[in-house]
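Reading the structure
Spelled out from the first residue to the last, the chains are:
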Amino acid sequence: KNPVTRMLLHLTLHLALAAGVRLDAHALCSPRVPKGALSQRPRSAPPLMIVEQLRSLKEAVGSRVKGAAAAAIVEKKVSEKLAAAQEKYNVPDKYLNLMRSFFSSYMTEIYMADRDMDKYEALLTQLMKKVLETAKEPYQFEPYHKAMREPFDYYALGNEFAEGMVAGQESVVKGAELIETMQQQVAAGDNVVLFANHQSEADPQFFSVLLDPIAPGFAESTIFVAGDRVTTDLLAMPFSMGRNLLCIFSKKHVDNPPELKSKKQRHNRRVMKTMQELFTEGGQVIWVAPSGGRDRPNADGLYEVAPFDSKSVEMFRLMSDKAKRPAHFYPLSMFTYPICPPPQQVGGAVGEVRNVKYHPAGLHFGEEVDLSTFAEGCVVEGFPEGCSTESSRELLREAFSSHLHKIVSANYQGLAQQLDKALR
């Protein structure tokens, strides 16, 4: 009958009802303190069993209730913003729904992570405006797109928006000491190629969020080999406009639809020509995902590094040979899927549903691969110089590609074990 006990009981029951949780009634009515102890010492600790149940309820339910309430408020606010914007811009209904879902998810996570709501709402409003502008007049990407920094800085917008979802203090960059070596190689006119796995369409932004504070200019100058989806999707366009991109149609999408196949192939040939010119010019850092797409979970629901296309890996080696400039190949593992995971299906329609989550991210740069230990097959007699005729070209390129994939996979598993909250 003590008023403190009654207050705790009411609070416990209130939390339980809000969460739909059943409590142990006997435990609630059987405090582990002597009768009258609370009345004798009104400032003493409350009954242990009740405190334990309150604590467990707070941990198990508190964030869920808080998140549900925040989601409802945020969705209402985002819907109001989009309704006002629809009066000015002719946005397809499909994209209005995608924007509502994506922006609501983003702001809810910002709130749950106790981040600066005013700052990120201002960024959200800015991004929303840019998305609506591209919906009205879609931006046309050239085969080689250079980051747009003025009069509007799309690079900064993408990074600041992505930074809101990265738990920076828990994130890691392994092999960061190798970046200085890469910068020296680039300064000497050599080319650096990062063979990476790919998990989120915001990987270029996460790359910058993690590296800009420790290696200014490195991520900013990197050229990303990008598929057509990030240059045609209205939500992705503003992010892509802030990056250096070689825009190519991946093998997974070049045949669809059939009537555009020849046009896409011509575009890809232009990209290859431009890429060769960049290699010949020298001093480039190029990021490429030889898998041609994003990683997906296996049958057990665990993400794995997608298989590399050995022909894609070989292409970069051949371009380096033709450029007559030294090239340095580095494996790079990226852990980003929890923040903005890909859809389960591969090759769906442009305009996928996006959900985001506040989570740590990780990079792991592997040591430079010693190309001299991997023979090259001959494309034609005598090219590349020193090519081997002892084994088939297919076997040789597969050996090199498998070596890269093995390193990226092993380093990725290390990142996942350290960062993936789903594995804890």
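In this report, the structure presented in the accompanying data block is examined. The written sequence of each chain sets the order in which its residues are numbered from 1. Predicted model: local features are reported for residues with pLDDT of at least 70 only, side-chain atom pairs are reported and counted for 80 or more only, and whole-chain, interface and lining totals are derived from all residues. Derived side-chain values reflect all non-hydrogen atoms in the structure, with water molecules and hydrogen atoms excluded from consideration.

1. Considerations on the state of the cysteines
Here, two cysteine sulfur atoms that lie within 2.5 Å of each other are counted as a disulfide. In the structure shown here, the tally under the stated rule is 1 disulfide. The residue that forms a disulfide with Cys378 is Cys387, at a sulfur-sulfur distance of 1.9 Å. Across the disulfide from Cys378 to Cys387, rotation about the S-S bond amounts to roughly 95 degrees, and the bridge is consequently right-handed. The partly exposed category is assigned to Cys378, whose relative accessible area is 21%. For Cys387, a relative accessible area of 16% gives the class buried. Three exposure classes are used, based on accessible area relative to the maximum for each residue type with a 1.4 Å probe and protein chains only: buried under 20%, partly exposed in between, and exposed over 50%.

2. With respect to the nonpolar core
In this structure, Met99, Phe103, Leu194, Phe207, Phe218, Leu332 and Phe365 are the most contacted members of the largest nonpolar core, which totals 71 residues. Ranked by residues supplied to this core, first place goes to helix H5 (residues 93–112) with 9 residues. Should any heavy atoms of two residues lie within 4.5 Å, those residues are considered in contact. Setting aside chain neighbours within four positions, we find Phe218 in contact with Ile179, Met182, Gln183, Leu194, Phe207, Leu211, Val285 and Phe365. Counting residues in each nonpolar core, the second largest holds 33 residues, with Tyr303, Phe316, Tyr337 and Phe400 among its members. Think of a nonpolar core as a cluster: buried Ala, Val, Leu, Ile, Met, Phe, Trp, Tyr and Cys residues, connected wherever their side-chain atoms sit within 4.5 Å. Each helix corresponds to a stretch of at least 4 residues labelled H or I by DSSP, and each strand to a stretch of at least 2 residues labelled E; elements are numbered beginning at the N terminus.

3. Examining the sheet that holds strand S7 (residues 327–335)
Strands are treated as partners if at least two bridges between them are detected by DSSP. With mixed pairing, 8 strands are arranged side by side in an open sheet as S1-S5-S4-S6-S3-S7-S8-S2. Each end of this open sheet is capped by a strand with a single partner; those strands are strand S1 (144–145) and strand S2 (172–174). As paired elements, S1 and strand S5 (residues 244–247) share 2 bridges and run antiparallel to each other. Counted as the bridge partner of Tyr144 is Leu246 from S5.

4. Quick word on the packing of aromatic side chains
Paired rings are identified among Phe, Tyr and Trp, the last through its six-membered ring, by centres lying within 6.5 Å, and are further divided according to the angle between planes into stacked (under 30 degrees), edge-to-face (over 60) and tilted (the rest). In this structure the tally under the stated criterion is 19 aromatic pairs. When the centroid spacing of 4.8 Å and the interplanar angle of 70 degrees are considered together, the rings of Phe152 and Tyr154 count as edge-to-face. Of the two residues, Phe152 and Tyr154, both sit in the buried class. With centroids separated by 5.3 Å and ring planes inclined at 50 degrees, the aromatic side chains of Phe374 and Phe400 adopt a geometry described as tilted. Residue Phe374 is found in the loop between strand S8 (362–365) and helix H15 (393–419), and its partner Phe400 is found in helix H15; the two are separated by 26 residues along the sequence. Like Phe400, Phe374 is buried. Taken together, the ring pairs connect Phe102, Phe103, Tyr106, Tyr120, Phe161 and Phe239 into an aromatic cluster.

Nothing here speaks to function; it is all geometry.
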